[in-house]
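Residue strings, one per chain:
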Amino acid sequence: MHELSLVASMFAILEEQARAHGATRVTAVVLKVGVMSGAVPDLLESAFEAYRKGTLAEGARLEIVVVPVKLRCPDCGGSTVREDTDFSCSACGSRRVEIVEGRDLVVDKIELETDGA
Amino acid sequence: MTVKTLTVVHDLLATNKQAAAAIRGELRGRGILAVNLLSSPGSGKTTLLEALADRFRGRFRLAVIEGDIETERDAERIRAKGVPAWQITTGGACHLEARMIGKVLAGIPADIDFLFIENVGNLVCPASYDLGEQVRLVLLSSPEGDDKPAKYPQAFLSADALVLTKADLLPYLPFDPARASAEARAIKPALRVFTVSALRGEGLDELAAWLVDALERLRSGHA
Ligand SMILES: [Zn+2]
């Protein structure tokens, strides 16, 4: 369960962005979680709940977008989207596929509230 | 009051990746091959390191970083083999991070050949953290069952080699090494597989030779 340390990194990003934009509150965060990122969305949510108290994201809404695995096949040029761990090309069956999406864990969007105009 | 939506696209593991890249650069400069060992608790990481220490004695110099949640026990076992060992107790954290390795790196002798990093026993979390290693081994012991690769694909996908440990127990268990390696290779076709008994010594020569080969490639600039 390393989600708490991931959420700690996320709050470091939130605080840095809020400071850079002169914001007083973070109201929403969109997190893209790759199926193969090694992070579990439910655990990220619980860690977020636990961590946000007393921070400038105390009332923030966390939106998690799960990104499926996308494979590119060098043999036939096809691409395959997978929800499971069958890493083969759906067109030609090749296993020499390259994972092009679904491994990342990124803060994608942040909604900030600033005082004044 | 104004509400702004920013598109930031900030990788949550970026800080770790940067620290890992710096470590990899430093170790490459010193000609040291770093090997990160991933596995469940009790799959025989420390026993494998003890066996490799015996095998390499007089030929190569080793150092070991032990990642453990609480105790200093594994480091003591390694030191008993005459190998310098550093213990990182994570105090509850389920994985090692590159920064933790960076902190002990300065104290590690410059004239070693291999730096083994025994990660915290856990097949999930350590897979997500690059420690600046050149080689990642995933261990799977025969008592654990041969269906682990499909359950923990990330660990097997991120590894360079699979070490099937406790081969001496194979006659007593339903574990099928061929099935375990086929399952792991379905996830990563290029994965090297070694079947090893650290207790009896089988398979250790092959694994040691593969590690020496990786060290030579690093030093000749081809890794
Ligand atoms: Zn194909």
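In case you missed it, the structure is sitting above this.
Residues numbered from 1 in each chain as written. Chains lettered and ligands numbered in written order. Predicted model: local features only at pLDDT ≥ 70, side-chain atom pairs only at ≥ 80, totals over all residues. Heavy atoms only, no water.

K.L.:
Mind showing me how you'd approach the nonpolar core here?
P.N.:
Note on soluble globular proteins: their nonpolar side chains tend to be buried together. A:M10, A:V26, A:L31, A:L44, A:V107, B:I101 and B:L115 are the most contacted members of the largest nonpolar core, which totals 48 residues. For this core, the element with the highest residue contribution is helix α1 (residues 3-20) of chain A, accounting for seven residues. Once residues lying within four places of it in the same chain are set aside, the contact partners of A:V107 are A:M10, A:I13, A:V29, A:V30, A:L31, B:V8, B:V9, B:H10 and B:L12. (Core = buried A, V, L, I, M, F, W, Y, C linked by side-chain atoms within 4.5 Å. Buried < 20%, exposed > 50% of the residue type's maximum accessible area, 1.4 Å probe, protein only. Helix = DSSP H or I, 4+ residues; strand = E, 2+ residues; numbered from the N terminus. Contact = heavy atoms within 4.5 Å.)

K.L.:
What exactly am I supposed to notice about the interface of chain A and chain B here?
P.N.:
Frequently, the measure chosen for interface size is the accessible area removed from exposure when the parts meet. Facing the 30 residues of chain A at the interface are 27 residues of chain B. Taken together, chain A and chain B are joined by zero salt bridges. Seen at the junction of chain A and chain B, the total is 11 residue pairs in polar contact (both at pLDDT 80 or more). Where the side of chain A that touches chain B is concerned, the elements lending two or more residues are α1 and β6 (105-114) of chain A. Broken down by element, the side of chain A that touches chain B gets its largest block of residues, 10 residues, from β6(A). Here the side of chain A that touches chain B is composed, by residue class, of 14 nonpolar, 10 polar and six charged. Relative to strand β1 (residues 2-11) of chain B, β6(A) is paired through eight bridges, and the arrangement is antiparallel. Bridge assignment links A:V107 to a residue of β1(B), and that residue is B:H10. (Salt bridge = Lys/Arg side-chain N within 4 Å of Asp/Glu carboxyl O. Polar contact = N/O pair within 3.5 Å; in protein donor to acceptor, adjacent residues only side chain to side chain. Nonpolar A, V, L, I, M, F, W, Y, C, P; charged D, E, K, R; others polar. Pairing = 2+ DSSP bridges.)

K.L.:
Sorry, what's going on with the coordination of the zinc ion here?
P.N.:
Reference values for coordination geometry: four tetrahedral donors around a metal ideally subtend 109.5 degrees, six octahedral donors ideally subtend 90 or 180 degrees. Residue and element names in this part refer to chain A. Protein-derived ligands of the zinc ion are C73 (SG), C76 (SG), C89 (SG) and C92 (SG), with the metal-ligand distances lying across 2.3 to 2.4 Å. In this structure, the zinc ion is surrounded by four donor atoms whose angles at the metal cover 101 to 115°, and the resulting shape is tetrahedral. The exposure class of C89 is buried, given its relative accessible area of 3%. (Donors = N, O, S within 2.8 Å, 3.2 Å for Na, K, Ca; no water. Tetrahedral: all angles 85-135°; square planar, octahedral: opposite > 155°, others 65-115°.)

K.L.:
Explain the environment of B:A209 here, please?
P.N.:
All names here are of chain B. By the secondary structure assignment, A209 is in helix α8 (residues 204-219). The class for A209 is partly exposed, based on a relative accessible area of 47%. Expressed as a C-alpha distance, the spacing of A209 and G145, which sit 64 residues apart in the sequence, is 27 Å.

K.L.:
In this structure, what is going on with unusual backbone geometry? I would like to understand it.
P.N.:
Residues apart from glycine generally show negative phi values, whereas peptide bonds are mostly found in trans. All names here are of chain B. One non-glycine residue with positive phi stands out, namely V9, at about 45°. In this structure, K166 is a non-glycine residue whose phi angle is positive, near 60°. Assignment of secondary structure puts K166 in the loop between β7 (161-165) and α7 (177-187).

K.L.:
Would you take a moment to explain helix α2 (residues 41-52) of chain A for this structure?
P.N.:
An α-helical segment advances 3.6 residues per turn. Residues three or four places apart therefore align on the same side. Residue and element names in this part refer to chain A. With 12 residues, α2 should reach 16 Å at 1.5 Å per residue; the first-to-last C-alpha distance of 16 Å fits that figure. Of the positions making up α2, those classed as buried are L44, A47, F48 and R52. Seen from one end, α2 has its buried residues packed into an arc of 115°, which puts them on one side. Among the exposed residues of α2, those pointing more than 90 degrees away from its buried face are D42 and A50. Contacts made by the buried residues of α2 are with α1, β1 (25-34), β2 (61-67) and β6. Looking at the residues trailing α2, positive phi occurs at G54, about 80°. (Expected span 1.5 Å × (residues − 1). Arc of directions from axis to C-beta.)

K.L.:
Is there a simple way to think about the side chain of B:Q87 in this case?
P.N.:
Residues and elements named next belong to chain B. Among the secondary structure elements, Q87 is positioned in strand β4 (residues 85-89). At 3.3 Å, the side chain of Q87 and the backbone nitrogen of A75 are in polar contact. In this view, Q87 contacts E66, G67, D68, T71, E72, R73, D74, A75 and R79; residues no more than four positions away in its chain are not counted.

K.L.:
Is there a simple way to think about the packing of α1(A) against α2(A) in this case?
P.N.:
Think of two packed helices as two axes; the pair is described by the angle between the axes and how far apart they sit. Residues and elements named next belong to chain A. α2 packs onto α1 with a crossing angle of 55° between their chain directions and a minimal axis gap of 9 Å. When the interaxial angle is binned, α1 and α2 end up oblique. By crossing handedness, the relation of α1 to α2 is classed as right-handed. Taking contact as the criterion, the partners of E3, L4, L6, V7, A8, M10 and F11 in α1 are, on α2, L43, L44, A47, F48, Y51 and R52. Here the residues of the contact of α1 with α2 sort into 11 nonpolar, no polar and two charged. (Axes fitted to C-alpha atoms, helices over the stretch in contact; angles between N-to-C directions. Parallel < 35°, antiparallel > 145°, perpendicular 65-115°, else oblique. Left-handed = near helix turned anticlockwise from the far one by under 90°.)

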